[in-house]
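# Working through the structure, step by step
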Amino acid sequence: MAGGLVLLAAVTLLSAIQQCHFVWLVGQSRRKHKVMPPAVTGAPEFERTFRAQQNCTEFYPLFLSTLWIAGSFFNQELAALLGLLYVYARYKYFYGYVASAKGRLAGFHLNLVALIFLVILGAAGIVNSFLDEYLDFSIRKKLHKLF
Amino acid sequence: MAGGLVLLAAVTLLSAIQQCHFVWLVGQSRRKHKVMPPAVTGAPEFERTFRAQQNCTEFYPLFLSTLWIAGSFFNQELAALLGLLYVYARYKYFYGYVASAKGRLAGFHLNLVALIFLVILGAAGIVNSFLDEYLDFSIRKKLHKLF
Amino acid sequence: MAGGLVLLAAVTLLSAIQQCHFVWLVGQSRRKHKVMPPAVTGAPEFERTFRAQQNCTEFYPLFLSTLWIAGSFFNQELAALLGLLYVYARYKYFYGYVASAKGRLAGFHLNLVALIFLVILGAAGIVNSFLDEYLDFSIRKKLHKLF
(Lines give C-alpha, C1' and ligand atoms only; values in the text may rest on other atoms or scores of the structure.)
Protein backbone atom coordinates (compact mmCIF):
# COMPACT_ATOMS: atom_id res chain seq x y z
CA MET A 1 0.00 0.00 0.00
CA ALA A 2 2.91 2.36 0.69
CA GLY A 3 4.51 1.41 -2.62
CA GLY A 4 3.82 4.85 -4.05
CA LEU A 5 6.16 6.51 -1.55
CA VAL A 6 9.13 4.20 -2.06
CA LEU A 7 11.59 7.06 -2.74
CA LEU A 8 10.78 8.66 0.62
CA ALA A 9 11.20 5.28 2.30
CA ALA A 10 14.58 4.76 0.61
CA VAL A 11 15.86 8.18 1.74
CA THR A 12 14.51 7.55 5.26
CA LEU A 13 16.28 4.20 5.49
CA LEU A 14 19.51 5.75 4.20
CA SER A 15 19.29 8.52 6.81
CA ALA A 16 18.52 5.98 9.57
CA ILE A 17 21.66 4.02 8.65
CA GLN A 18 23.62 7.29 8.73
CA GLN A 19 22.28 8.07 12.22
CA CYS A 20 23.31 4.60 13.42
CA HIS A 21 26.76 5.25 11.95
CA PHE A 22 27.07 8.51 13.89
CA VAL A 23 26.11 6.71 17.14
CA TRP A 24 28.80 4.13 16.37
CA LEU A 25 31.39 6.90 15.77
CA VAL A 26 30.57 8.36 19.20
CA GLY A 27 31.24 4.90 20.68
CA GLN A 28 34.59 4.78 18.85
CA SER A 29 35.47 8.25 20.14
CA ARG A 30 34.56 7.10 23.69
CA ARG A 31 37.09 4.28 23.41
CA LYS A 32 39.75 6.47 21.77
CA HIS A 33 39.52 9.17 24.45
CA LYS A 34 38.67 6.79 27.31
CA VAL A 35 35.34 8.44 28.19
CA MET A 36 33.33 5.62 29.73
CA PRO A 37 29.49 5.77 29.87
CA PRO A 38 27.57 7.44 31.44
CA ALA A 39 30.18 10.29 31.28
CA VAL A 40 29.66 12.74 28.40
CA THR A 41 32.56 15.09 29.08
CA GLY A 42 36.27 14.65 28.42
CA ALA A 43 38.67 15.35 25.56
CA PRO A 44 37.49 18.28 23.35
CA GLU A 45 37.38 16.01 20.27
CA PHE A 46 35.07 13.58 22.07
CA GLU A 47 32.82 16.45 23.21
CA ARG A 48 32.56 17.77 19.66
CA THR A 49 31.79 14.28 18.31
CA PHE A 50 29.14 13.80 20.99
CA ARG A 51 27.51 17.21 20.35
CA ALA A 52 27.58 16.58 16.59
CA GLN A 53 25.63 13.36 17.06
CA GLN A 54 23.27 15.01 19.57
CA ASN A 55 22.49 17.78 17.12
CA CYS A 56 21.83 15.25 14.32
CA THR A 57 19.50 13.41 16.71
CA GLU A 58 17.62 16.59 17.66
CA PHE A 59 16.94 17.45 14.05
CA TYR A 60 16.16 13.93 12.89
CA PRO A 61 12.41 13.88 13.68
CA LEU A 62 12.07 17.36 12.14
CA PHE A 63 13.78 16.12 9.00
CA LEU A 64 11.62 12.99 8.78
CA SER A 65 8.32 14.77 9.34
CA THR A 66 9.03 17.57 6.84
CA LEU A 67 10.41 15.04 4.30
CA TRP A 68 7.26 12.93 4.40
CA ILE A 69 4.88 15.88 4.40
CA ALA A 70 6.66 17.56 1.47
CA GLY A 71 6.81 14.21 -0.35
CA SER A 72 3.20 13.19 0.27
CA PHE A 73 1.53 16.56 -0.21
CA PHE A 74 3.75 18.26 -2.78
CA ASN A 75 6.12 16.12 -4.84
CA GLN A 76 7.88 12.91 -3.90
CA GLU A 77 10.86 13.21 -6.28
CA LEU A 78 11.69 16.78 -5.22
CA ALA A 79 11.35 15.92 -1.52
CA ALA A 80 13.58 12.85 -1.95
CA LEU A 81 16.27 14.98 -3.65
CA LEU A 82 16.15 17.51 -0.79
CA GLY A 83 16.35 14.54 1.57
CA LEU A 84 19.53 13.34 -0.15
CA LEU A 85 20.93 16.88 0.13
CA TYR A 86 20.11 16.83 3.85
CA VAL A 87 21.89 13.47 4.34
CA TYR A 88 24.94 14.83 2.49
CA ALA A 89 24.87 18.04 4.59
CA ARG A 90 24.71 15.98 7.79
CA TYR A 91 27.79 14.06 6.63
CA LYS A 92 29.66 17.34 6.03
CA TYR A 93 28.41 18.74 9.36
CA PHE A 94 29.43 15.71 11.41
CA TYR A 95 32.96 15.33 10.08
CA GLY A 96 33.43 19.12 10.08
CA TYR A 97 32.36 19.34 13.74
CA VAL A 98 34.63 16.45 14.77
CA ALA A 99 37.57 18.35 13.21
CA SER A 100 36.75 21.73 14.82
CA ALA A 101 33.81 23.66 16.31
CA LYS A 102 33.95 26.10 13.38
CA GLY A 103 34.03 23.23 10.88
CA ARG A 104 30.39 22.42 11.62
CA LEU A 105 29.05 25.64 10.09
CA ALA A 106 29.19 24.88 6.33
CA GLY A 107 27.31 21.60 6.77
CA PHE A 108 24.88 23.15 9.23
CA HIS A 109 23.88 25.95 6.87
CA LEU A 110 23.34 23.45 4.05
CA ASN A 111 21.17 21.44 6.45
CA LEU A 112 19.05 24.46 7.18
CA VAL A 113 18.64 25.18 3.46
CA ALA A 114 17.38 21.64 2.82
CA LEU A 115 15.08 21.79 5.85
CA ILE A 116 13.65 25.21 4.94
CA PHE A 117 12.88 24.05 1.40
CA LEU A 118 11.18 20.93 2.78
CA VAL A 119 9.06 23.12 5.09
CA ILE A 120 8.13 25.42 2.17
CA LEU A 121 7.18 22.50 -0.11
CA GLY A 122 5.23 20.90 2.73
CA ALA A 123 3.36 24.13 3.48
CA ALA A 124 2.56 24.63 -0.21
CA GLY A 125 1.28 21.06 -0.45
CA ILE A 126 -0.85 21.44 2.67
CA VAL A 127 -2.37 24.75 1.49
CA ASN A 128 -3.16 23.19 -1.89
CA SER A 129 -4.66 20.14 -0.21
CA PHE A 130 -6.81 22.35 2.08
CA LEU A 131 -8.12 24.37 -0.86
CA ASP A 132 -8.79 21.18 -2.79
CA GLU A 133 -10.56 19.42 0.07
CA TYR A 134 -12.52 22.23 1.67
CA LEU A 135 -13.01 24.69 -1.20
CA ASP A 136 -12.75 22.28 -4.15
CA PHE A 137 -10.01 24.45 -5.67
CA SER A 138 -6.75 22.85 -6.70
CA ILE A 139 -3.78 25.02 -7.73
CA ARG A 140 -1.97 22.00 -9.10
CA LYS A 141 -4.87 21.04 -11.36
CA LYS A 142 -5.09 24.63 -12.66
CA LEU A 143 -1.36 24.58 -13.41
CA HIS A 144 -1.71 21.22 -15.14
CA LYS A 145 -4.41 22.68 -17.36
CA LEU A 146 -2.23 25.66 -18.27
CA PHE A 147 0.83 23.66 -19.32
CA MET B 1 -2.89 10.04 -1.40
CA ALA B 2 -2.29 11.55 2.02
CA GLY B 3 -4.83 14.28 1.29
CA GLY B 4 -7.27 12.86 3.84
CA LEU B 5 -4.88 13.55 6.72
CA VAL B 6 -4.11 17.16 5.87
CA LEU B 7 -5.04 18.47 9.34
CA LEU B 8 -2.49 16.16 10.98
CA ALA B 9 0.11 17.26 8.43
CA ALA B 10 -0.64 20.93 9.13
CA VAL B 11 -0.26 20.46 12.91
CA THR B 12 2.93 18.45 12.34
CA LEU B 13 4.45 21.17 10.18
CA LEU B 14 3.48 23.82 12.72
CA SER B 15 5.12 21.83 15.51
CA ALA B 16 8.25 21.27 13.37
CA ILE B 17 8.56 25.02 12.83
CA GLN B 18 8.14 25.52 16.58
CA GLN B 19 10.92 23.01 17.30
CA CYS B 20 13.23 24.85 14.85
CA HIS B 21 12.36 28.08 16.64
CA PHE B 22 13.36 26.56 20.01
CA VAL B 23 16.70 25.42 18.53
CA TRP B 24 17.24 28.96 17.28
CA LEU B 25 16.44 30.40 20.73
CA VAL B 26 19.10 28.12 22.25
CA GLY B 27 21.56 29.54 19.70
CA GLN B 28 20.58 33.07 20.73
CA SER B 29 21.01 32.17 24.40
CA ARG B 30 24.47 30.75 23.56
CA ARG B 31 25.49 34.10 22.10
CA LYS B 32 23.90 36.13 24.91
CA HIS B 33 25.64 34.13 27.65
CA LYS B 34 28.81 33.40 25.64
CA VAL B 35 28.50 29.60 25.83
CA MET B 36 30.30 28.38 22.73
CA PRO B 37 29.62 24.92 21.23
CA PRO B 38 30.24 22.16 22.16
CA ALA B 39 29.83 23.44 25.77
CA VAL B 40 26.35 22.94 27.26
CA THR B 41 26.94 24.42 30.70
CA GLY B 42 27.23 28.05 31.77
CA ALA B 43 24.82 30.74 32.96
CA PRO B 44 21.73 29.30 34.69
CA GLU B 45 19.42 30.96 32.14
CA PHE B 46 21.31 29.28 29.29
CA GLU B 47 21.13 25.91 31.04
CA ARG B 48 17.38 26.25 31.53
CA THR B 49 16.89 27.26 27.88
CA PHE B 50 19.00 24.30 26.76
CA ARG B 51 17.15 21.82 28.98
CA ALA B 52 13.79 23.22 27.85
CA GLN B 53 14.72 22.56 24.21
CA GLN B 54 16.14 19.13 25.08
CA ASN B 55 12.93 18.15 26.81
CA CYS B 56 10.85 19.32 23.83
CA THR B 57 13.11 17.24 21.57
CA GLU B 58 12.77 14.14 23.76
CA PHE B 59 8.99 14.30 23.64
CA TYR B 60 8.70 15.26 19.97
CA PRO B 61 8.69 11.73 18.45
CA LEU B 62 6.22 10.62 21.14
CA PHE B 63 3.97 13.52 20.26
CA LEU B 64 4.16 12.84 16.52
CA SER B 65 3.53 9.12 16.77
CA THR B 66 0.57 9.45 19.14
CA LEU B 67 -0.84 12.36 17.08
CA TRP B 68 -0.82 10.34 13.85
CA ILE B 69 -2.11 7.14 15.47
CA ALA B 70 -4.96 8.98 17.24
CA GLY B 71 -5.71 10.89 14.03
CA SER B 72 -5.60 7.90 11.67
CA PHE B 73 -7.30 5.33 13.86
CA PHE B 74 -9.72 7.43 15.90
CA ASN B 75 -10.60 10.92 14.68
CA GLN B 76 -8.48 13.38 12.75
CA GLU B 77 -10.19 16.60 13.90
CA LEU B 78 -10.00 15.69 17.59
CA ALA B 79 -6.36 14.61 17.30
CA ALA B 80 -5.47 17.83 15.46
CA LEU B 81 -7.11 19.90 18.22
CA LEU B 82 -5.14 18.02 20.89
CA GLY B 83 -2.06 18.59 18.72
CA LEU B 84 -2.68 22.34 18.76
CA LEU B 85 -3.13 22.18 22.53
CA TYR B 86 0.23 20.38 22.75
CA VAL B 87 1.97 23.04 20.63
CA TYR B 88 0.49 25.77 22.83
CA ALA B 89 1.57 23.89 26.00
CA ARG B 90 5.13 23.56 24.62
CA TYR B 91 5.17 27.32 24.05
CA LYS B 92 4.09 27.92 27.67
CA TYR B 93 6.58 25.32 28.91
CA PHE B 94 9.54 26.71 26.99
CA TYR B 95 9.11 30.36 27.95
CA GLY B 96 8.18 29.37 31.52
CA TYR B 97 11.35 27.28 31.87
CA VAL B 98 13.58 30.04 30.44
CA ALA B 99 12.17 32.37 33.13
CA SER B 100 12.59 29.91 36.05
CA ALA B 101 12.87 26.18 36.73
CA LYS B 102 9.49 26.29 38.47
CA GLY B 103 7.94 28.15 35.56
CA ARG B 104 8.11 25.03 33.40
CA LEU B 105 5.52 23.12 35.45
CA ALA B 106 2.23 24.64 34.22
CA GLY B 107 3.15 24.05 30.56
CA PHE B 108 4.53 20.62 31.31
CA HIS B 109 1.35 19.42 32.97
CA LEU B 110 -0.73 20.71 30.05
CA ASN B 111 1.63 18.81 27.72
CA LEU B 112 1.04 15.63 29.62
CA VAL B 113 -2.72 16.11 29.49
CA ALA B 114 -2.61 16.51 25.68
CA LEU B 115 -0.29 13.50 25.33
CA ILE B 116 -2.36 11.26 27.61
CA PHE B 117 -5.54 12.08 25.65
CA LEU B 118 -3.74 11.31 22.37
CA VAL B 119 -2.61 7.96 23.80
CA ILE B 120 -6.16 7.16 24.96
CA LEU B 121 -7.69 8.09 21.58
CA GLY B 122 -4.99 6.11 19.78
CA ALA B 123 -5.55 3.06 21.98
CA ALA B 124 -9.32 3.28 21.46
CA GLY B 125 -8.83 3.54 17.71
CA ILE B 126 -6.45 0.57 17.64
CA VAL B 127 -8.78 -1.62 19.74
CA ASN B 128 -11.68 -0.73 17.44
CA SER B 129 -9.58 -1.43 14.37
CA PHE B 130 -8.48 -4.81 15.80
CA LEU B 131 -12.05 -5.84 16.54
CA ASP B 132 -13.12 -4.68 13.09
CA GLU B 133 -10.33 -6.45 11.23
CA TYR B 134 -9.99 -9.68 13.17
CA LEU B 135 -13.45 -10.15 14.69
CA ASP B 136 -15.50 -8.17 12.15
CA PHE B 137 -16.97 -6.10 14.99
CA SER B 138 -16.85 -2.33 14.81
CA ILE B 139 -17.83 -0.21 17.81
CA ARG B 140 -17.88 2.90 15.65
CA LYS B 141 -20.33 1.37 13.18
CA LYS B 142 -22.58 0.26 16.04
CA LEU B 143 -22.52 3.80 17.45
CA HIS B 144 -23.27 5.21 14.00
CA LYS B 145 -26.31 2.97 13.77
CA LEU B 146 -27.54 4.09 17.18
CA PHE B 147 -27.33 7.83 16.51
CA MET C 1 -7.56 4.21 5.97
CA ALA C 2 -4.65 3.15 8.13
CA GLY C 3 -6.59 0.12 9.33
CA GLY C 4 -4.30 -2.25 7.46
CA LEU C 5 -1.30 -1.27 9.58
CA VAL C 6 -2.94 -1.68 12.98
CA LEU C 7 -0.22 -4.02 14.32
CA LEU C 8 2.48 -1.40 13.64
CA ALA C 9 0.32 1.24 15.30
CA ALA C 10 -0.19 -1.00 18.37
CA VAL C 11 3.58 -1.61 18.74
CA THR C 12 4.25 2.12 18.23
CA LEU C 13 1.77 3.08 20.93
CA LEU C 14 3.24 0.49 23.30
CA SER C 15 6.77 1.84 22.69
CA ALA C 16 5.55 5.44 23.18
CA ILE C 17 4.07 4.49 26.56
CA GLN C 18 7.38 2.81 27.44
CA GLN C 19 9.30 5.98 26.53
CA CYS C 20 6.97 8.06 28.74
CA HIS C 21 7.60 5.58 31.52
CA PHE C 22 11.38 6.02 31.17
CA VAL C 23 11.00 9.81 31.35
CA TRP C 24 8.95 9.35 34.51
CA LEU C 25 11.64 7.08 36.02
CA VAL C 26 14.24 9.81 35.38
CA GLY C 27 11.96 12.22 37.28
CA GLN C 28 11.77 9.74 40.17
CA SER C 29 15.55 9.35 40.16
CA ARG C 30 15.86 13.17 40.26
CA ARG C 31 13.78 13.28 43.41
CA LYS C 32 15.55 10.29 45.01
CA HIS C 33 19.04 11.75 44.42
CA LYS C 34 17.98 15.40 44.81
CA VAL C 35 19.12 16.48 41.34
CA MET C 36 16.92 19.44 40.51
CA PRO C 37 16.31 20.56 36.89
CA PRO C 38 18.06 21.84 34.85
CA ALA C 39 21.02 19.93 36.41
CA VAL C 40 21.85 16.61 34.73
CA THR C 41 24.79 15.55 36.87
CA GLY C 42 24.88 14.13 40.38
CA ALA C 43 24.78 10.68 41.95
CA PRO C 44 26.15 7.94 39.60
CA GLU C 45 22.81 6.08 39.67
CA PHE C 46 21.00 9.21 38.52
CA GLU C 47 23.53 9.78 35.73
CA ARG C 48 23.12 6.21 34.51
CA THR C 49 19.33 6.50 34.60
CA PHE C 50 19.50 9.78 32.70
CA ARG C 51 21.89 8.41 30.05
CA ALA C 52 19.75 5.27 29.67
CA GLN C 53 16.71 7.42 28.89
CA GLN C 54 18.75 9.68 26.59
CA ASN C 55 19.98 6.68 24.62
CA CYS C 56 16.43 5.32 24.29
CA THR C 57 15.35 8.76 23.04
CA GLU C 58 18.17 8.95 20.49
CA PHE C 59 17.25 5.59 19.00
CA TYR C 60 13.49 6.08 19.12
CA PRO C 61 13.02 7.83 15.74
CA LEU C 62 15.35 5.27 14.13
CA PHE C 63 13.25 2.48 15.58
CA LEU C 64 9.96 4.03 14.45
CA SER C 65 11.10 4.76 10.91
CA THR C 66 12.62 1.31 10.33
CA LEU C 67 9.59 -0.38 11.97
CA TRP C 68 7.13 1.36 9.65
CA ILE C 69 9.25 0.92 6.52
CA ALA C 70 9.82 -2.79 7.22
CA GLY C 71 6.12 -3.21 8.07
CA SER C 72 4.76 -1.30 5.08
CA PHE C 73 7.18 -2.50 2.42
CA PHE C 74 8.01 -6.03 3.59
CA ASN C 75 5.73 -7.72 6.10
CA GLN C 76 3.68 -6.19 8.88
CA GLU C 77 3.53 -9.22 11.19
CA LEU C 78 7.29 -9.82 11.08
CA ALA C 79 8.06 -6.14 11.64
CA ALA C 80 5.63 -5.98 14.58
CA LEU C 81 7.32 -9.02 16.16
CA LEU C 82 10.74 -7.39 15.78
CA GLY C 83 9.19 -4.24 17.25
CA LEU C 84 8.05 -6.19 20.32
CA LEU C 85 11.57 -7.64 20.62
CA TYR C 86 12.96 -4.10 20.49
CA VAL C 87 10.58 -2.91 23.24
CA TYR C 88 11.60 -5.88 25.41
CA ALA C 89 15.31 -5.19 24.72
CA ARG C 90 14.86 -1.53 25.72
CA TYR C 91 13.29 -2.69 29.00
CA LYS C 92 16.30 -4.96 29.67
CA TYR C 93 18.70 -2.17 28.62
CA PHE C 94 17.13 0.50 30.82
CA TYR C 95 16.94 -1.52 34.03
CA GLY C 96 20.37 -3.03 33.33
CA TYR C 97 21.93 0.42 32.89
CA VAL C 98 20.28 1.79 36.07
CA ALA C 99 21.89 -1.12 37.99
CA SER C 100 25.38 -0.71 36.47
CA ALA C 101 27.12 0.69 33.38
CA LYS C 102 28.03 -2.83 32.29
CA GLY C 103 24.45 -4.02 32.82
CA ARG C 104 23.33 -2.07 29.76
CA LEU C 105 25.23 -4.27 27.30
CA ALA C 106 22.97 -7.35 27.03
CA GLY C 107 19.90 -5.24 26.31
CA PHE C 108 21.82 -2.97 23.96
CA HIS C 109 23.05 -5.81 21.79
CA LEU C 110 19.53 -7.25 21.58
CA ASN C 111 18.34 -3.78 20.53
CA LEU C 112 20.88 -3.68 17.75
CA VAL C 113 19.84 -7.13 16.54
CA ALA C 114 16.18 -6.05 16.31
CA LEU C 115 17.15 -2.79 14.59
CA ILE C 116 19.46 -4.47 12.07
CA PHE C 117 16.76 -6.97 11.12
CA LEU C 118 14.26 -4.13 10.67
CA VAL C 119 16.75 -2.31 8.41
CA ILE C 120 17.33 -5.48 6.36
CA LEU C 121 13.60 -6.17 5.98
CA GLY C 122 13.00 -2.53 5.08
CA ALA C 123 15.79 -2.54 2.48
CA ALA C 124 14.46 -5.79 0.97
CA GLY C 125 10.95 -4.33 0.80
CA ILE C 126 12.20 -1.13 -0.82
CA VAL C 127 14.27 -2.98 -3.43
CA ASN C 128 11.29 -5.18 -4.26
CA SER C 129 9.03 -2.15 -4.48
CA PHE C 130 11.51 -0.35 -6.78
CA LEU C 131 11.75 -3.34 -9.10
CA ASP C 132 7.98 -3.69 -9.09
CA GLU C 133 7.29 -0.02 -9.77
CA TYR C 134 10.05 0.90 -12.19
CA LEU C 135 10.86 -2.43 -13.87
CA ASP C 136 7.54 -4.22 -13.40
CA PHE C 137 9.34 -7.10 -11.73
CA SER C 138 8.15 -8.36 -8.36
CA ILE C 139 10.20 -10.89 -6.40
CA ARG C 140 7.32 -11.46 -4.03
CA LYS C 141 4.90 -12.29 -6.84
CA LYS C 142 7.45 -14.72 -8.32
CA LEU C 143 7.78 -16.39 -4.92
CA HIS C 144 4.00 -16.55 -4.55
CA LYS C 145 3.79 -18.32 -7.90
CA LEU C 146 6.42 -20.84 -6.85
CA PHE C 147 4.79 -21.82 -3.55
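Residues numbered from 1 in each chain as written. Chains lettered and ligands numbered in written order. Predicted model: local features only at pLDDT ≥ 70, side-chain atom pairs only at ≥ 80, totals over all residues. Heavy atoms only, no water.

All names here are of chain B. Per the counting criterion, the structure on display carries 27 aromatic pairs over all chains. On the basis of an interplanar angle of 5° and a centroid distance of 4.1 Å, the ring pair of Phe63 and Tyr86 is categorised as stacked. Taken together, the positions of Phe63 in helix α2 (residues 44-73) and Tyr86 in helix α3 (residues 76-99) put the pair 23 residues apart, joining distant regions of the chain. For the pair formed by Phe63 and Tyr86, the shared burial category is buried. (Phe/Tyr/Trp six-rings, centres within 6.5 Å; stacked < 30°, edge-to-face > 60°. Helix = DSSP H or I, 4+ residues; strand = E, 2+ residues; numbered from the N terminus. Buried < 20%, exposed > 50% of the residue type's maximum accessible area, 1.4 Å probe, protein only.)

Turning to the environment of C:Leu5, a few remarks are in order. Residues and elements named next belong to chain C. Relative to the elements of secondary structure, Leu5 occurs in the segment before α1 (6-33). When its relative accessible area of 11% is taken as the criterion, Leu5 is described as buried. Spatially, the C-alpha atom of Leu5 lies 24 Å from that of Tyr91, the residues being 86 residues apart in sequence.

On the chain C side, the residues contacting the 26 residues of chain B number 27 residues. Carbon and sulfur atoms make up 77% of the area that chain B and chain C hide from each other, which totals about 2,100 Å². At the junction of chain B and chain C, the tally comes to 2 residue pairs in polar contact (both at pLDDT 80 or more). Of all the secondary-structure elements, those providing two or more residues to the side of chain B that touches chain C are α2 and α4 (104-135) of chain B. In terms of residue count, α2(B) provides more of the side of chain B that touches chain C than any other element does, 13 residues in total. Here the residues of the side of chain B that touches chain C are counted per class, giving 14 nonpolar, 6 polar and 6 charged. (Contact = heavy atoms within 4.5 Å. Buried area = accessible area lost by both parts, 1.4 Å probe. Polar contact = N/O pair within 3.5 Å; in protein donor to acceptor, adjacent residues only side chain to side chain. Nonpolar A, V, L, I, M, F, W, Y, C, P; charged D, E, K, R; others polar.)

We now examine the relation of the copies chain A and chain C. The two chain copies are related to each other by a rotation about an axis together with a translation along it. Expressed as a screw operation, the relation of chain A to chain C combines 0.0 Å of axial shift with a rotation of 120°, fitting to an RMSD of 0.0 Å. Here the copies are linked by what is in effect a three-fold axis. Proximity to the rotation axis, assessed at the C-alpha, singles out A:Pro61 in chain A; its C-alpha lies 3.7 Å from the axis. A different interface surface on each copy is seen, since only 11% of the contact residues of chain A are contact residues in chain C too. (Least-squares fit on C-alpha atoms with pLDDT ≥ 70 in both.)

Residue and element names in this part refer to chain B. Viewed as axis vectors pointing N to C, helix α1 (residues 6-33) and α2 meet at an angle of 170°, and their least axial separation amounts to 10 Å. In terms of orientation, α1 lies roughly antiparallel with respect to α2. Of the residues in the contact of α1 with α2, the class split is 16 nonpolar, 10 polar and 3 charged. (Axes fitted to C-alpha atoms, helices over the stretch in contact; angles between N-to-C directions. Parallel < 35°, antiparallel > 145°, perpendicular 65-115°, else oblique.)

Tallied over the entire structure, the rule returns 6 cavities of 30 Å³ or more. Approximately 90 Å³ is the volume found for the second largest cavity. Forming the walls of the second largest cavity are A:Gln54, A:Thr57, A:Glu58, B:Gln54, B:Thr57, B:Glu58, C:Gln54, C:Thr57 and C:Glu58. Secondary structure elements with two or more residues in the lining of the second largest cavity: α2 (44-73) of chain A, α2 of chain B together with α2 (44-73) of chain C. Its residues assigned to classes, the lining of the second largest cavity shows no nonpolar, 6 polar and 3 charged. (1 Å grid on protein atoms, 1.4 Å probe; cavity = no way out; pocket = protein on both sides within 12 Å on 5 of 7 lines; lining within 4 Å. Points joined across faces, edges and corners; volume = space filled by probe spheres on them.)

Laying chain B over chain C is done by rotating through 120° and shifting 0.0 Å along the axis; what remains is an RMSD of 0.0 Å. When the interface residues of chain B are mapped onto chain C, a mere 12% of them are again interface residues, pointing to distinct binding faces.

What follows is about the interface of chain A and chain C. In this complex, chain A contributes 27 residues to the contact, which on the side of chain C involves 26 residues. Viewed at the interface, chain C and chain A are joined by 0 salt bridges. Taken together, the links from chain A to chain C amount to 2 residue pairs in polar contact (both at pLDDT 80 or more). Broken down by element, the side of chain A that touches chain C gets its largest block of residues, 12 residues, from helix α1 (residues 6-33) of chain A. Counted by class, the side of chain A that touches chain C contains 19 nonpolar, 7 polar and 1 charged residues. (Salt bridge = Lys/Arg side-chain N within 4 Å of Asp/Glu carboxyl O.)

With that settled, the discussion passes to the pattern of salt bridges. All names here are of chain A. Tallied over the full model, the rule gives 6 salt bridges over all chains. Between Lys32 and Glu45 there is a salt bridge; the shortest N-O distance is 3.0 Å. Remark: Glu45 occurs in helix α2 and Lys32 occurs in helix α1; sequence separation between them is 13 residues. For Lys32, a relative accessible area of 56% gives the class exposed.

Okay, unusual backbone geometry next. Note that the residue after B:Pro37, namely B:Pro38, is joined by a cis bond; omega there is 5°. With a phi close to 55°, A:Lys34 is a non-glycine residue in the positive phi region. By secondary structure assignment, the location of A:Lys34 is in the loop between α1 and α2. For A:Lys34, a relative accessible area of 69% puts it in the exposed group.

Moving on, we come to the confidence of the model for chain A. Per-residue confidence for chain A gives a mean pLDDT of 91, with 91% of residues at or over 70. The least confident element of chain A is helix α5 (residues 139-146) of chain A, whose mean pLDDT is 68; the most confident is helix α3 (residues 76-99) of chain A, at 97. (pLDDT = per-residue confidence, 0-100.)

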